[in-house]
Amino acid sequence: MSDDFGGSVEDEVSKSIVAAAISGIKHTANAVGDAVAIKLESGLGEYLRSISTHYDSVKTILHRTTPVPLRSVYVETTLKHGGSSGETLSVSGFLDSKNDNRQVLFTGSAGTGKSMLMRHLVLRAAETNDGSLPVFVELRDLNQESPATFLAVIFDAIRDFVPQFSDALLKSLLSQGRVSLFLDGFDEVYDHRQSWVKMQITRFVKQYPDCSIFVSSRPDDQIVSTPGLSTYEVQALNLESAASLVQKLSYDAGVAERFVRALRDELFETRYEFASNPLLLTIMLLTFEEYEQVPEKLHVFFKHAFETLFLKHDARKFGYKRQRFSALSIDDFSEAFQVFCVISYTRGKLRFSLSDLQRQVRECLGYCEFSSDEETIDGFIQDCLKTVCVLKQDGLSYTFTHRSFLEYFVALALASNNNLDIVAVADHAAIRAPKDNVLPMYADMDKTGFERNWVLEVMRRLRPEGIQENERSGSHLHHALSALISFVRLVSEDHGKGRSIVVSEISEHRGTIESLKFIGEFYEVTELQQIKALRFNSPLSQTS
C-alpha cells in the first residue's frame, strides 16, 4: 500500500461499514454489543489493509521473482460502452460516474489488462471512504470449490479476518448497498460451471440492486447476455499509452528507449495488433533486443518469446544469463510443457496446490519418457516459475502467468503430434471457440495437419452414418460445427495459399454439405448462411 494512505483510511472505512451493518440489525435478536463492535472494526481494518497489500503486488513477465507495486506499472486504459458507436471514456471518467455504473461487465481479449483493471478498482474501493465493503473473487477458484451461493463466497472471504462477522451483518450490508463485489475471469470458469456462476451473478444483481458488482471476462455470449450487467469493452492502447507502459517497466534503459523510438517511427502502426495489447507489448519489448523485428503471426511471436525467456538474460539485469534449474534442453522442456498444458487444458485445471503441481509434472515427464525423479520435477517447476515465467505462485497456489501461453503450447502440441489424441483435444478447443486461440494457432502452424487430422474427421461425423453415431453428443457436435464453418469460410477465401483439403473434400462429397445444412438448421447455427453462400464447385488456386 502506498504511503498516501497509511492505516487511517482503512480504519475510517471499517468504522463506517461496521456502523452501517450494526444499524441494520440493532433492533433484532442479532444485535451486537460495543465490545464486539470494536473487534469488528479492528478485523475489517485488517481485511481492508490485506486487500491493499495483496492486490497492489503483481508479478509480470519482466518481474519474475520479485513482485512490484501495481501502481508502478499500471497504465490507465479506456473503456467503450454501447458497441462500436458507443461512448468512450477513461477509467477515471468511469469511476467519476460510478453511481450510474453499479453492475458492470468488462470484456476484452487476452492480454488487454482486464485483471490489472480489476485490481486497480478494488484498490480504489479499499482506500476510498465510500462506506462499501470490497470483496475480490478470482472466479477460477470456484472450479476447485463448490460453495452454495455467492453469499457463502463473500462470507468466507471476510470471516478469515473477522471471526465475529455474522451472516446477519453481511445481509444488513447487502440490503443497504454497502458491498462491492469484484469477480475476475469469468472465461476461466469451467464450461460445466459457467451456468451456475451466471445464475449466481443474475440472482445477486436482482436481489441487491444497490450493491456494486464488477465482472471481467473475455467476450463470451454466456456472460454478455446476463440480465442487469452493462458491458464495457476494454480498449486497445493508443501510442502514448503504449510508450508510457514501456517507460514504466523496469527494463534496460537503452533497449527501452530504442523500442519506444521504433514504436513512434512506425512499429506501433505496422504491428498494431501486438503493440496495442499490454501483454503482447511487454513480450515485444522482451524480444526486441534479440530479434529487432516483430513477426506477423501470433504463434511465431510466442515462439520467440519462449526462446527469449528460456535462453536469454534477466530483463532487469542486462547481460546477466539466468540460471536454469532442470537439465532439460529447450526442445525437451517445450515438449514436456506442451503435455503439461494439454492436460491442464482438457481437464480445465488452471490452479494447483504444490502436491497437485508435482503430480501433474511427474505425469507429463513420464509421458515424454524423461526422468521423473524428485530433482527433475523440482527443477522443471522452478524453470516454469523463474526461468520461463509461464507459471506463477499465488499465495499457496500455482497458476499460469497468462492463459495465452497455455493456448500457444496446446496449439504447438497439436501441431507437433506427439502421440496425442488430436481429435479429442481439438474437439475440446472447439467447445471453447471463439474464446481462445488454440484452433486458429494450430491451423496457422500446420494447415494440412489441421485439416487432415481434425476438420475432415468432424465432416465425417456430419455424414448421415456419422450423425447416427454421434446422436447422443449433439451439443458437442454443435460446437465443432460452429468452429468448422468458420474455418471453411476462411479457407474458401484463401485463394493464394494452395488448394484446401477441406474444400476438395466438400467438392467431392455433396452429401457432406447436406449434412452440414441439416445439423446447422437443427441446432440453429447462425453461421449456416456462410456455408450456403460458398461456391463449393469453384476450383481454388493450385499454387504451392
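Caption draft 1: Structural detail: the overall build of the protein. Counting secondary structure elements, the protein contains 26 helices and twelve strands. Looking at the protein as a whole, 53% of its 544 residues are labelled buried. Taking as baseline every contact in the protein between residues at least 6 positions apart, the subset at least 24 positions apart corresponds to 72%. Accessible surface, the protein: about 23900 Å² in total, of which carbon and sulfur atoms supply 48%.

Caption draft 2: Structural context of the packing of helix α16 (residues 354-367) against helix α17 (residues 374-387). The N-to-C vectors of α16 and α17 enclose an angle of 105°; their axes lie 10 Å apart at closest approach. It follows from the interaxial angle that α16 and α17 lie roughly perpendicular. Across the interface between the two elements, L357, Q358, V361, R362 and L365 of α16 pack against E374, T376, I377, F380 and I381 of α17. Of the residues belonging to the contact of α16 with α17, the class tally is six nonpolar, two polar and two charged.

Caption draft 3: Just the environment of T376, in detail. Relative to the elements of secondary structure, T376 occurs in helix α17. With 51 residues separating them along the chain, T376 and F325 place their C-alpha atoms 8.5 Å apart. For T376, the residues in contact, after removing those within four places along its chain, are L365 and S371.

Caption draft 4: Region of the structure containing helix α15 (residues 330-347). The end-to-end C-alpha separation of α15 is 26 Å, in line with the 26 Å expected for 18 residues at 1.5 Å each. Every buried residue belonging to α15 is among F333, S334, A336, F337, Q338, V339, F340, C341, V342, I343, S344 and Y345, and all of these are buried. The first or second residue beyond α15 is G348, which carries a positive phi of 65°.

Caption draft 5: Local environment of the confidence of the model for the protein. Per-residue pLDDT for the protein averages 76, and the proportion of residues at 70 or more is 74%. Helix α26 (residues 528-533) is the least confidently modelled element of the protein, averaging 38 in pLDDT, while α16 averages 95, the highest of any element. Predicted confidence is poor over residues 313-322, with pLDDT under 50, and the contacts of this stretch with residues over four places away or in other chains come to 32 contacts.

Caption draft 6: Representation of the side chain of N143. Here N143 shows up in the loop between β6 (133-138) and α6 (150-159). Here N143 is in contact with E188, V189, Y190, R193 and G348, once residues within four sequence places are set aside.

Caption draft 7: Highlighting the packing of helix α18 (residues 403-416) against helix α19 (residues 422-432). At their nearest, the axes of α18 and α19 sit 10 Å apart, and the two run at 145° to each other. Remark: the crossing between α18 and α19 carries left-handed chirality. Of the residues in α19, those in contact with R403, V410 and L414 of α18 are I422, V425, A426 and R432. A breakdown of the residues in the contact of α18 with α19 according to their chemical character gives five nonpolar, no polar and two charged.

Caption draft 8: How the structure looks around the packing of aromatic side chains. Here the structure, examined in full by the defined rule, presents 31 aromatic pairs. A centroid spacing of 5.7 Å and a plane angle of 45° characterise the contact between F450 and W454, whose relative ring orientation is tilted. With F450 and W454 both in helix α21 (residues 447-462), this residue pair falls four residues apart, about one helical turn. Comparing F450 with W454 shows no difference in burial state: the two are buried. Taking NZ or CZ as reference, R193 lies 5.2 Å from the ring centre of W196, over its face.

Caption draft 9: Main features of the sheet that holds strand β4 (residues 87-90). Taken in spatial order, the seven strands line up as β4-β3-β9-β5-β8-β7-β6 in an open sheet, and their pairing is mixed. Lying at the two open borders of the sheet, with one neighbouring strand each, are β4 and β6. Adjacent strand axes in the sheet meet at a mean angle of 25° when their direction is disregarded. With five bridges joining them, strand β5 (residues 103-107) and strand β8 (residues 212-217) adopt parallel strand pairing. Residue V104 lies in a different strand from β8, and its bridge partner there is F214.

Caption draft 10: Summary view of the pattern of salt bridges. Taken as a whole and assessed by the stated rule, the structure comprises 18 salt bridges. Between E138 and R140 there is a salt bridge, with its nearest N and O atoms 3.0 Å apart. Across the pair, exposure class does not vary: E138 and R140 are buried alike. Here E257 ties to R261 by a salt bridge, and the two come within 3.8 Å at their closest N and O atoms. Remark: R261 and E257 occur in helix α11 (residues 253-270); sequence separation between them is four residues, near one turn of the helix. Overall, R261 belongs to the partly exposed group, its relative accessible area being 41%. Among the charged side chains, a salt-bridge network with shared partners connects E138, R140, D141, E188 and R351.

Caption draft 11: The arrangement of helix α8 (residues 191-207) in detail. Between the first and last C-alpha of α8 there are 25 Å, a value that for 17 residues agrees with the 24 Å anticipated at 1.5 Å per step. Those residues of α8 that fall on the buried side of the exposure criterion are R193, Q194, V197, K198, Q200, I201, F204 and V205. One face of α8 carries all of its buried residues, which in axial projection span an arc of 165°. Of the residues in α8, the exposed ones pointing more than 90 degrees away from the buried face are H192 and K206.

The rules behind each value
- Residues numbered from 1 in each chain as written.
- Predicted model: local features only at pLDDT ≥ 70, side-chain atom pairs only at ≥ 80, totals over all residues.
- Heavy atoms only, no water.
- Helix = DSSP H or I, 4+ residues; strand = E, 2+ residues; numbered from the N terminus.
- Buried < 20%, exposed > 50% of the residue type's maximum accessible area, 1.4 Å probe, protein only.
- Contact = heavy atoms within 4.5 Å.
- Areas by Shrake-Rupley, 256 points an atom, 1.4 Å probe, with all protein chains shown as cover.
- Axes fitted to C-alpha atoms, helices over the stretch in contact; angles between N-to-C directions.
- Parallel < 35°, antiparallel > 145°, perpendicular 65-115°, else oblique.
- Nonpolar A, V, L, I, M, F, W, Y, C, P; charged D, E, K, R; others polar.
- Expected span 1.5 Å × (residues − 1).
- pLDDT = per-residue confidence, 0-100.
- Left-handed = near helix turned anticlockwise from the far one by under 90°.
- Phe/Tyr/Trp six-rings, centres within 6.5 Å; stacked < 30°, edge-to-face > 60°.
- Lys NZ or Arg CZ within 6 Å of the ring centre and 35° of its normal.
- Pairing = 2+ DSSP bridges.
- Salt bridge = Lys/Arg side-chain N within 4 Å of Asp/Glu carboxyl O.
- Arc of directions from axis to C-beta.

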